[in-house]
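What follows is the residue order along each chain.
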Amino acid sequence: MAIILITGATAGFGKACAEKFAAGGYDLIITGRRQERLTSLKTTLEQQHGVKVLPLTFDVRDEQAVYAALDKIPEEWKQVSVLINNAGLAAGLSTIDQGNPEDWNEMIDTNVKGLLYVSRAVIPWLKARKQGHIINIGSIAGNQVYAKGNVYCASKAAVAALSQAMRVDLLPYRIKVTNIRPGAAETEFSLVRFKGDEDKAKNVYTGLTPLSAEDVADVIYYCATLPPHVCINDLEITPLQQASAYYYDRN
């Protein structure tokens, strides 16, 4: 059975993907910073679906921690078929001249460098088998910049560019690469962006029926389970009331 590796699996899209793939009978490697959540998710998925789950606790921003955690896993767990680079976040919402450099560093280190570190560790496993699939979780913001989104948008534009570059570089090894670009989705995303301010987080979705984490996980699962000769390179998904990064119909 194929093994799915999901980063940022403790909440949001990552957790929903873990649940979706486990329900499909796939064994999982789940990673995140919150060990208790990983352990709880492992127990739940193994009991409910009879799959094997390997939890790994590390921060994707820590290059050496990434390599140390992934290099030491048993060889049988390195038979990964799908890598879902999900770990990511937005921090703050301000004009470029008022931005907090600590927020900038956190977004760039997580959304861009963290994706690179994990990919660098896993790609040799895929190349050795001349098959596999890398699914990068980008954002509609990677293609359409919105006010005060500057560095977050830039980090997701980098994900879009890296996805294209991976697709080209890994073409001789028959490795698929897909960039998934969700629009408005109600997860912990806005709560993290606004540093735990629940009112601000809820206001983001006022008048909308946003995407759920499960909606996005369903799309990811679809992309990952297509026939071997079919590759979706880039896919944007929004709720019905959102046409772009800045056009909404709220009611």
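What you see is a predicted model, and the numbers here were worked out from it, not measured in a lab. (Residues numbered from 1 in each chain as written. Predicted model: local features only at pLDDT ≥ 70, side-chain atom pairs only at ≥ 80, totals over all residues. Heavy atoms only, no water.)

(A) Geometry of the packing of helix α4 (residues 101-129) against helix α5 (residues 150-169). One can describe the packing of α4 onto α5 by two numbers: an axis separation of 8 Å at closest approach and a directional angle of 15°. Relative to α5, the element α4 is oriented roughly parallel. As α4 packs across α5, the resulting crossing turns out to be right-handed. Taking contact as the criterion, the partners of W104, M107, I108, N111, V112, L115, L116 and S119 in α4 are, on α5, N150, V151, Y152, S155, K156, A158, V159, L162 and M166. (Axes fitted to C-alpha atoms, helices over the stretch in contact; angles between N-to-C directions. Helix = DSSP H or I, 4+ residues; strand = E, 2+ residues; numbered from the N terminus. Parallel < 35°, antiparallel > 145°, perpendicular 65-115°, else oblique. Left-handed = near helix turned anticlockwise from the far one by under 90°. Contact = heavy atoms within 4.5 Å.)

(B) Representation of the sheet that holds strand β7 (residues 234-237) within the structure. Pairing is parallel in the open sheet, where seven strands are placed in the order β3-β2-β1-β4-β5-β6-β7. Where the open sheet ends on each side, the last strands, each with one partner, are β3 (53-57) and β7. Averaged over neighbouring strand pairs, the angle between their axes works out to 15° when direction is ignored. Strand direction decides the pairing type here: strand β4 (residues 80-85) and strand β5 (residues 132-137), joined by four bridges, are parallel. Each bridged residue has a counterpart across the sheet, and for V82 the counterpart in β5 is H133. Taken strand by strand, helix α8 (residues 213-224) contacts β4, β5, β6 (175-182) and β7, and its axis lies near 160° from that of β6. (Pairing = 2+ DSSP bridges.)

(C) Representation of the pattern of salt bridges in the model. Under the counting rule described, the total for this entry stands at eight salt bridges. For E46, the salt bridge is made with K42, and the minimal N-O distance between the two is 2.9 Å. Of the two residues, E46 and K42 both sit in helix α2 (residues 35-49), four residues apart, roughly one turn of that helix. Taking relative accessible area as the criterion, E46 reaches 26% and is therefore assigned partly exposed. Overall, K42 belongs to the partly exposed group, its relative accessible area being 23%. Here the residues in one salt-bridge network are R181, D234 and E236, joined through shared partners. (Salt bridge = Lys/Arg side-chain N within 4 Å of Asp/Glu carboxyl O. Buried < 20%, exposed > 50% of the residue type's maximum accessible area, 1.4 Å probe, protein only.)

(D) Just the pairing of strand β2 (residues 27-32), in detail. Burial within β2 is extensive, with six of its six residues counted as buried. Burial along β2 is two-sided: the residues D27, I29 and T31 and L28, I30 and G32 are all buried. Inspection of the sheet shows strand β1 (residues 3-6) paired to β2 by four bridges, in the parallel sense. Opposite I3, over in β2, you have D27 as the bridge partner. Tracing the backbone out of β1, into helix α1 (residues 12-23) and back to the parallel element β2 gives a crossover that is right-handed. (Right-handed = clockwise from strand over helix to strand, strands pointing away.)

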